[in-house]
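The chain contents come next:
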Amino acid sequence: MSDTPPYSPGDYRAPVAVVQPGYGFRTMTDKLVSIVLTPTTPTSWFVVLAIAFTLLIGLVVSLCYLLLKGIGIWGNNVPVGWAFDIINFVWWIGIGHAGTLISAILLLFKQDWRTSINRFAEAMTIFAVICAALFPVIHAGRPWLVIYWLFPYPNTMALWPNFRSPLIWDVFAVSTYFTVSLLFWTVGLIPDLATFRDKTKHPVLRKFFGVLAMGWRGSARHWARYEKAYLLLAGLSTPLVLSVHTVVSFDFAVSVLPGWHATIFPPYFVAGAIYAGFAMVLTLAIPIRAMFKVPDFITLRHIENMAKITLVTGLIVVYGYLCEAFFGWYSANEYERFMLKNRVYYGPYAWSYWLLLVCNFIVPQVLWSKRLRRNIPVVFIVCMFVNVGMWLERFVIIVTSLHRDFVPSSWDMYYPTVWDFMTLAGTIGLFLTLMFLFVRLLPLIAIFEMKLLLPESQVTQPGGRGSH
Amino acid sequence: MARATRTAPPFYGLMAEFGSAQALLDAATKVAEAGYTRTDAYSPFPIHGLAEALGFKERSVAPLVLAGGIAGALAGYGLCYWTSVIAWPMNIGGRPFHSWVSFIPPTFEVTILFAAFSAVFGMFALNGLPQPYHPVFNVERFSRASQDAFFLAIEAEDPMFDAAATRRFLLSLQAKEVVQVEH
């Protein structure tokens, strides 16, 4: 990874290593363990956690009020029966996808740069799915009364979910996705928890990490089974992650509503999910990298590679927008064409469509420049635009398609209420609280996997074969 | 090298420390060639070919995952079929009771779920984890096995084991140190 010529020192085009040179097993372990096993916490961590926790309190308040009063406190009503609840659901579940892509798909493609970012990207997936899963539950108003049409369990009414509905497919997809992501993350953590157990001097922490590490001792036989299981999990997660947003897109595509009923939806949603997810990984990686001083492990190479994936998936998303527009026109269907014109220029929500194009299409184009891809503030700002843009995309798809449907007498405007915004901000608070607690309490970089990037870990087989 | 008494050795075995992943792999190969079978190697990260060098030939994880996947597919499809066709058939939009196309997404998800469960819990079960106690942790230096040190243990239960001869053999493999592992 160090092809030195033809770049002079200081040239911004020179390739950057995945790990800064100079680390050995010992120094790398010490550095990565010291992020957690230290009494000193960065002040910036407290600032972020305080803001996140305040937002989380807002979520608790808005959920209590929701359960007290019912979903009438939200702005959605006929004809816009679905609004912030599903927008936020799709937004969060999409964000989760980058974690699985990094941990599973890039593992199968043997991308060594995934190693330092996979652990916290997987954590991000789990926390994003928790935020996402909250919405289908709370949008039912009194979720305990309707659980029987979400989960197949033998209830006193002897009723079962309708398996012909994409909404039940969604329940299966999201719950499987959450479970498998959690398994993947936990399995990855075990050897690192053993390192923590052996490294800590505090007797209580030693017990704590010892229980979590389950007696892991790094036996060669254990590693052999572990690696096989990990690889198979990656292989299973790969089709799973593609299926989850496909199924989410079915919630829309299987309906007959103009603006939703389009065959481009599954690939377009999957690309959008990865796009949003990489933007969120960068949004988290950039401050965490500075906060815990790990630029030696999360190098400019990582930032740049993620920026490239963001750019490419962003262009796939824009292709989806073009296809949607083309389908609307080519259908020659009065309602499809009306929906398109209403969405793009004469509808009351046309501003959101153009804002979406600015955020998701225009701004990310700066990432074509290698110099700007390596400029951390620029990348961070672009990612913020993408985060907003991907939320707007779901707003455009959902609200502009619903608010003017087939019968003009039923047309109406949709205005979110303060409770809608508090719930959205509250899930951001929940997400950030969980994320920042995680980076402080558990290894945010996979320690044992990072060691595999060091040349000393590579061995020559007795028969003379290389290790890979 | 035959020992007079083969019952309940007073200690677990001998543990040798090596300086690098390569040294551990080379030593493991020689230990297996010498005929030792009750052996294990410990490293902070997976070393390719190490388990095989010690004579590990098990291939159980993949078939377990396959079995889990098949069980998941049958369970997923069975659930859809039983609830929609047998338990309470309902006419929804004129679609057939057995709407097999609609049953594919839940079936797929349950397949992945069961396969993933069998990968993880199968791996734990085969590895005997969680395991609250193991004699190797009695070695002072063993806490480095999860950080930067490489160990190879030969159990006293091994038919070839002889405290003095095995210690000499391990030292001849360029071990940095050989210590006795208590029970």
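Rules behind the numbers
Residues numbered from 1 in each chain as written. Chains lettered and ligands numbered in written order. Predicted model: local features only at pLDDT ≥ 70, side-chain atom pairs only at ≥ 80, totals over all residues. Helix = DSSP H or I, 4+ residues; strand = E, 2+ residues; numbered from the N terminus. Buried ≥ 20, exposed ≤ 12 C-beta atoms within 10 Å, placed from the backbone. Contact = placed C-beta atoms within 7 Å. Core = buried A, V, L, I, M, F, W, Y, C linked by C-beta atoms within 7 Å. Domains from an automatic or database assignment. Axes fitted to C-alpha atoms, helices over the stretch in contact; angles between N-to-C directions. Parallel < 35°, antiparallel > 145°, perpendicular 65-115°, else oblique. Left-handed = near helix turned anticlockwise from the far one by under 90°. Pairing = 2+ DSSP bridges. Nonpolar A, V, L, I, M, F, W, Y, C, P; charged D, E, K, R; others polar. pLDDT = per-residue confidence, 0-100. Expected span 1.5 Å × (residues − 1). Arc of directions from axis to C-beta.

This next bit is on the overall build of chain B. Across its full length, chain B carries 5 helices and 4 strands. Element order for chain B, N to C, with α for helix and β for strand: β-α-β-α-α-α-β-α-β. Expressed as lengths along the three principal axes of its C-alpha atoms, the size of chain B is roughly 80 × 35 × 30 Å. Each of the 183 residues in chain B was classed as buried or not, and the buried ones make up 43%. Looking at chain B alone, contacts between residues at least 24 apart form 80% of all its contacts between residues at least 6 apart.

What follows deals with the overall build of chain A. If you tally the helices and strands in chain A, you get 16 helices and 0 strands. When the 468 residues of chain A are sorted by exposure, 47% land in the buried category. Nonlocal contacts in chain A, meaning residues at least 24 apart in sequence, comprise 80% of its contacts between residues at least 6 apart.

Okay, the environment of A121(A) next. All names here are of chain A. Looking at the secondary structure, you find A121 in helix α4 (residues 115-138). C-beta crowding within 10 Å serves as the criterion here: with 26 such atoms nearby, A121 is assigned to the buried category. With 145 residues separating them in the primary sequence, A121 and P266 have C-alpha atoms 23 Å apart. The residues contacting A121, other than those within four sequence positions of it, are A98, G99, I102, S103 and V281.

A word on the nonpolar core. Counting 186 residues, the largest nonpolar core has V281(A), L24(B) and F151(B) as the members making the most contacts within it. Tallying contributions element by element places helix α9 (residues 265-291) of chain A first for this core, with 17 residues. The two domains that each donate at least three residues to this core are domain 1 (13-57 + 132-181) and domain 2 (61-127) of chain B. Residue contacts for F151(B): discarding those within four places in its chain leaves M15(B), A16(B), E17(B), A41(B), Y42(B), F142(B) and A145(B).

This brings us to the packing of helix α6 (residues 166-199) of chain A against helix α4 (residues 100-127) of chain B. Close contact between α6(A) and α4(B) brings their axes to 9 Å; oriented N to C, the two are set at 15°. The angle between the axes of α6(A) and α4(B) places the two elements in the roughly parallel class. By crossing handedness, the relation of α6(A) to α4(B) is classed as left-handed. Facing I168(A), W169(A), F172(A), A173(A), T176(A), T179(A), V180(A), L183(A) and V187(A) of α6(A), the residues of α4(B) in contact are P105(B), P106(B), E109(B), V110(B), I112(B), L113(B), A116(B) and V120(B).

Residue and element names in this part refer to chain B. Strands sit in the order β2-β3-β1-β4 across an open sheet of 4 strands; the sheet is antiparallel. Each of the sheet's edge strands pairs with one partner strand only, and the pair in question is β2 (39-42) and β4 (177-181). Looking at each pair of strands side by side, their axes are set apart by 20° on average, direction ignored. In the sheet, strand β1 (residues 13-18) pairs with β4 via 5 bridges, with the strands oriented antiparallel.

This part takes up the interface of chain B and chain A. A common way to express how large an interface is: the accessible area buried when the components associate. Taken together, the contact between chain B and chain A spans 59 residues of the former and 56 residues of the latter. Breaking the side of chain B that touches chain A down by element, the ones donating at least two residues are α1 (21-33), β2, α2 (50-53), α3 (61-87) and α4 of chain B. A total of 16 residues in the side of chain B that touches chain A trace back to one element, the largest contributor, which is α4(B). In the side of chain B that touches chain A, the residues fall into 39 nonpolar, 16 polar and 4 charged.

All names here are of chain B. Here β1 lies mainly inside the structure; 6 of its 6 residues are buried. Alignment of β1 against strand β3 (residues 150-155), held across 6 bridges, turns out to be antiparallel. Pairing of L14 across the sheet is with I154, part of β3.

Per-residue confidence for chain B gives a mean pLDDT of 89; residues scoring 70 or more make up 96%. For this predicted complex, the interface confidence reaches an ipTM of 0.92, while the overall pTM sits at 0.92.

The next subject is the environment of C323(A). Looking at the secondary structure, you find C323(A) in helix α10 (residues 300-330). Taking the C-alpha atoms as reference, C323(A) lies 31 Å from F421(A); in sequence the two are 98 residues apart.

This paragraph deals with the domain arrangement of chain B. Taken as a whole, chain B is organised into domain 1 (13-57 + 132-181) and domain 2 (61-127). On a C-alpha basis, the centres of domain 1 of chain B and domain 2 of chain B stand 44 Å from each other.

Residues and elements named next belong to chain B. Here β2 shows a buried face lined by T39 and A41 and a second buried face lined by D40 and Y42. When β2 meets β3, the two strands line up antiparallel, connected through 4 bridges. If you follow T39 over to β3, its bridge partner there is I154.

Looking now at the environment of S219(A). Considering the arrangement of structural elements, one finds S219(A) in the loop between α7 (203-213) and α8 (220-253). Taking the C-beta count within 10 Å as the criterion, S219(A) has 26 such neighbours and is therefore assigned buried. What S219(A) contacts, discounting residues up to four positions off in sequence, is D40(B) and Y42(B).

The residue after V78(A), namely P79(A), is reached through a cis peptide bond having omega 5°. As for its placement among the helices and strands, P79(A) is situated in the loop between α2 (43-69) and α3 (84-108). The linkage connecting L129(B) with the following residue, P130(B), adopts the cis geometry, with an omega of -5°. By secondary structure assignment, the location of P130(B) is in the loop between α4 and β3.

In this section: α4(A). Helical geometry: 3.6 residues make up each α-helical turn, so side chains three or four residues apart lie on a common side. Counted at 1.5 Å a residue, the expected span for α4(A) with its 24 residues is 34 Å, and the 36 Å between its end C-alpha atoms agrees. A large share of α4(A) lies buried, amounting to 19 of its 24 residues.

All names here are of chain B. Taken together, the buried positions of helix α5 (residues 163-172) are T166, F169 and L170. Axial view of α5: buried residues confined to an arc of 95°, hence all on one face. Across α5 from its buried face, at more than 90 degrees, point the exposed residues A164, R168 and S172. Packing partners of the buried residues in α5 comprise β1, β3 and β4. Downstream of α5 by a residue or two, Q174 has a phi angle that is positive, lying close to 70°.

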